[in-house]
Amino acid sequence: MSTAPSASGAEVIDHEFGFSRTDFDRVRELIYKHAGISLHEGKHAMVYSRLSRRLRDTGHKSFSAYLQWLESSTGAQSTQEWQEFVNCLTTNLTSFFREEHHFHALIDDLKPLTGKPVRIWCCAASTGEEPYSIAMTCSEALGANAQVQISASDIDTNVLNTAKRGVYNADARGLDQTRLRNFFMRGTGDNAGRIRVKPELQRWIDFRSLNLMDTQWSLGEPFHIVFCRNVMIYFDPPTQRKVLERIHKVMRPNGLLFVGHSENFTESKDLFRLRGKTIYERV
């Protein structure tokens, strides 16, 4: 891929595939419709880079041809390709015990639930580091025999497969030696340098594919705690409000909502009140 100045002085990119402004706008419209993600201006290169692999895999020579095929195809093939489309355009930046202050607060919030069944939902499980961090914290706060159920969902099926395996690099960021010893098995031979989450921790977690734009969530009994961190930043305000209303419905009274460091929902005081640093309490 090469670049050259145009007559107007703007940079023109010589793409492998045809990718017009109309194509970009159509991608923005489709990902918003299917996943609620609001793609901002300036994401042209990201969209091209991520979706071009789908054009290669499906044999299309331009984005317009691919998008036309995507919208007109039916059946199982269509369902699978829509999932691949969404998978390509979602962002999965995560690590163990990311935004560590939340897990210190979680220990305090779990203590009153000692001896009781605890239900937690992690809305954006990604490759699994966040739900496993939640599970480790539950074990440390409530004991290994606690009655804990963690629903870990994500719209991206590829990252969920990684999360279910529970295999990571031994030098994964956020893990200290004590937690490595208590909650992971070290690989040997061909698996040297890798770690696997112990089965007794995995048993608490149910990984599932879920689109927050779906109107019906089959999640079971209401949750005591919901982690929905760094998800809403990809939604516009109307979509944020819609998702918050649905989260509110699946939580217990006074349940806690943990959100990302740049997310603020003080305008939804009828649903959640600020309880701590990026921690809200269900009204």
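Here is what the cut-offs are and how they apply
Residues numbered from 1 in each chain as written. Predicted model: local features only at pLDDT ≥ 70, side-chain atom pairs only at ≥ 80, totals over all residues. Heavy atoms only, no water. UniProt positions renumbered as here; feature names shortened; annotations may be inferred. Pairing = 2+ DSSP bridges. Helix = DSSP H or I, 4+ residues; strand = E, 2+ residues; numbered from the N terminus. Axes fitted to C-alpha atoms, helices over the stretch in contact; angles between N-to-C directions. Contact = heavy atoms within 4.5 Å. Core = buried A, V, L, I, M, F, W, Y, C linked by side-chain atoms within 4.5 Å. Buried < 20%, exposed > 50% of the residue type's maximum accessible area, 1.4 Å probe, protein only. Salt bridge = Lys/Arg side-chain N within 4 Å of Asp/Glu carboxyl O. Phe/Tyr/Trp six-rings, centres within 6.5 Å; stacked < 30°, edge-to-face > 60°. Right-handed = clockwise from strand over helix to strand, strands pointing away.

Per an unreviewed UniProt entry, the protein chain goes by Chemotaxis protein methyltransferase and derives from Roseateles albus. Quoted straight from UniProt, the Catalytic activity (unreviewed entry) entry for the protein chain says "L-glutamyl-[protein] + S-adenosyl-L-methionine = [protein]-L-glutamate 5-O-methyl ester + S-adenosyl-L-homocysteine". Per UniProt, the protein chain carries the Function (unreviewed entry) text "Methylation of the membrane-bound methyl-accepting chemotaxis proteins (MCP) to form gamma-glutamyl methyl ester residues in MCP."

Our focus in this paragraph is the sheet that holds strand E10 (residues 251-259). What the 7 strands build is an open sheet, ordered E8-E4-E3-E9-E10-E12-E11; its pairing is mixed. Two strands close off the open sheet at either side, each with one partner strand: strand E8 (205-209) and strand E11 (272-276). Shown here is a sheet whose adjacent strand axes are inclined to one another by a mean of 25°, direction ignored. On top of the sheet, helix H7 (residues 157-165) reaches strand E4 (148-154) and E8; it is set at about 165° to E8, its chief contact.

Let's shift gears to the nonpolar core. The nonpolar side chains of soluble globular proteins are, as a tendency, buried together. Residues Phe 85, Trp 121, Ile 247 and Leu 257 are the most contacted members of the largest nonpolar core, which totals 48 residues. At the level of secondary structure, the elements contributing two or more residues to this core comprise helix H1 (21-35), helix H2 (44-58), helix H3 (63-72), helix H4 (75-89), strand E9 (223-228), helix H10 (237-249) and E10. Sequence-distant contacts of Trp 121, that is, excluding residues within four places in its chain, are made with Ser 151, Ser 153, Leu 210, Leu 212, Trp 217, Leu 219, Phe 223, Ile 225, Val 226, Phe 227, Ile 247 and Val 250. Membership of the second largest hydrophobic core comes to 41 residues, among which are Leu 106, Ala 146, Phe 207 and Ile 279.

So, on to the pattern of salt bridges. A full pass over the atoms with the stated rule returns 15 salt bridges. Of the charged contacts, one joins Glu 29 and Arg 26 as a salt bridge, the two residues approaching to 2.6 Å between their closest N and O atoms. Taken as a pair, Glu 29 and Arg 26 lie in helix H1 at a separation of 3 residues, close to a single helical turn. Through salt bridges with shared partners, one network takes in Arg 21, Asp 25, Arg 28 and Glu 41.

With that out of the way, let us pick up the packing of aromatic side chains. For any two aromatic rings, the description comes down to two numbers: the centre-to-centre distance and the angle of the planes. Following the criterion strictly, the structure yields 16 aromatic pairs and no others. Plain terms: the ring middles of Phe 19 and Phe 63 are 4.4 Å apart, the flat faces sit at 45° to each other, and that makes the pair tilted. Taken together, the positions of Phe 19 in the loop between strand E2 (11-14) and H1 and Phe 63 in helix H3 put the pair 44 residues apart, joining distant regions of the chain. Phe 19 gets classed as buried once you look at its relative accessible area, which sits at 16%. Judged by its relative accessible area of 0%, Phe 63 is buried. Geometrically, the ring pair formed by Tyr 132 and Phe 207 is edge-to-face, given 5.7 Å between the ring centres and 65° between the ring planes.

Here we come to the sheet that holds strand E7 (residues 194-197). One open sheet holds the 3 strands; their spatial order is E5-E7-E6, and the pairing between them is antiparallel. Each of the sheet's edge strands pairs with one partner strand only, and the pair in question is strand E5 (167-169) and strand E6 (184-186). Averaged over all neighbouring strand pairs, the angle between strand axes comes to 35°, with direction disregarded. Alignment of E5 against E7, held across 3 bridges, turns out to be antiparallel. Bridge pairing links Asn 169 to Arg 194 in E7.

So, on to the pairing of E9. Extensive coverage of E9 is indicated by the burial of 6 of its 6 residues. Where strand E3 (residues 118-122) meets E9, 3 bridges bridge the pair, whose relative direction is parallel. Looking at E9, one finds that Trp 121 is bridged to Val 226. By the bridge criterion, 5 bridges tie E9 to E10 in an arrangement that is parallel. Paired with Ile 225 across the strands is Leu 256, a residue of E10. Between the parallel pair E9 and E10, the chain is carried across by H10, and the sense of this crossover is right-handed.

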